[in-house]
Structure formats: structure tokens, C-alpha cells
Amino acid sequence: MRHYGYIGELRQSKLRRGARLLELELRERPGQLYYLIEYGRTLWALGDERGHQVLCQAVAQILPQTNQEQAPMPLVALLLEYFLQLPAEQLPAGLTLDL
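Residues numbered from 1 in each chain as written. Predicted model: local features only at pLDDT ≥ 70, side-chain atom pairs only at ≥ 80, totals over all residues. Heavy atoms only, no water.

Trainee: Quick question: what am I supposed to make of the packing of aromatic side chains here?
Mentor: By convention here, two paired aromatic rings are described through the distance between centres and the angle between planes. Using the criterion set out here, one finds three aromatic pairs in the structure. With centroids separated by 5.3 Å and ring planes inclined at 85°, the aromatic side chains of Y34 and Y35 adopt a geometry described as edge-to-face. In this structure Y35 comes out as partly exposed when scored by relative accessible area, which is 29%. Relative to Y82, the ring of W44 lies with its centre 5.7 Å away and its plane at 80°, an arrangement referred to as edge-to-face. With W44 in helix α2 (residues 33-45) and Y82 in helix α4 (residues 76-84), the pair connects residues that are 38 residues apart, well separated along the chain. Overall, Y82 belongs to the buried group, its relative accessible area being 9%. An aromatic cluster is built from W44, Y82 and F83, whose rings are joined through pairwise contacts. (Phe/Tyr/Trp six-rings, centres within 6.5 Å; stacked < 30°, edge-to-face > 60°. Buried < 20%, exposed > 50% of the residue type's maximum accessible area, 1.4 Å probe, protein only. Helix = DSSP H or I, 4+ residues; strand = E, 2+ residues; numbered from the N terminus.)

Structural data, given as C-alpha cells:
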């Protein structure tokens, strides 16, 4: 078995395939936080502006849980990392990143 996951020329096609599969999963079973974050990150990596919208949906899911001691899953750290790179005016409603 050969794995070519890190060859630069194949990256875009792998991302497009992944986005298509994630979209199908979310269409069949909407609202799954893990897949929502991965779909948004994949779209963003492809340069698709829908990635930001999908990641905003993911944040909207976790905002009600911010008073809990633990994050819903480790992947939330990657979600927040994305938003830490944005100017305040691009943050979704209810999310403030005061450091």
C-alpha cells in the first residue's frame, strides 16, 4: 500500500474529495460538530469563502457550552485558532477574543 497524502500536486484534489465527503455526511446527519469543523477547515484550505461561514456555524454550536470546564472536543482548539487570526469585525456574533 502506498500513501501519497503529502505530495503537493495531490493536495488540492484530496481536499476537494474530502470536502465532498464531509458535505455528504453533514447533509445526511447535520450538526455534527467534528464534521462541521473539518468541513469548514477543508473549504478554507481550498480558498473557498464558504469555509468561514461553516466555521461560524461551528462556533455558534459551541458558544452555549463556554461555561463548561472542558471543551467539547480537542478539535475546538483548531476552530478557535482560525478565529484568532481574523480581525474583530469578521468574528461571528457572540464571539469575542479578548486576550
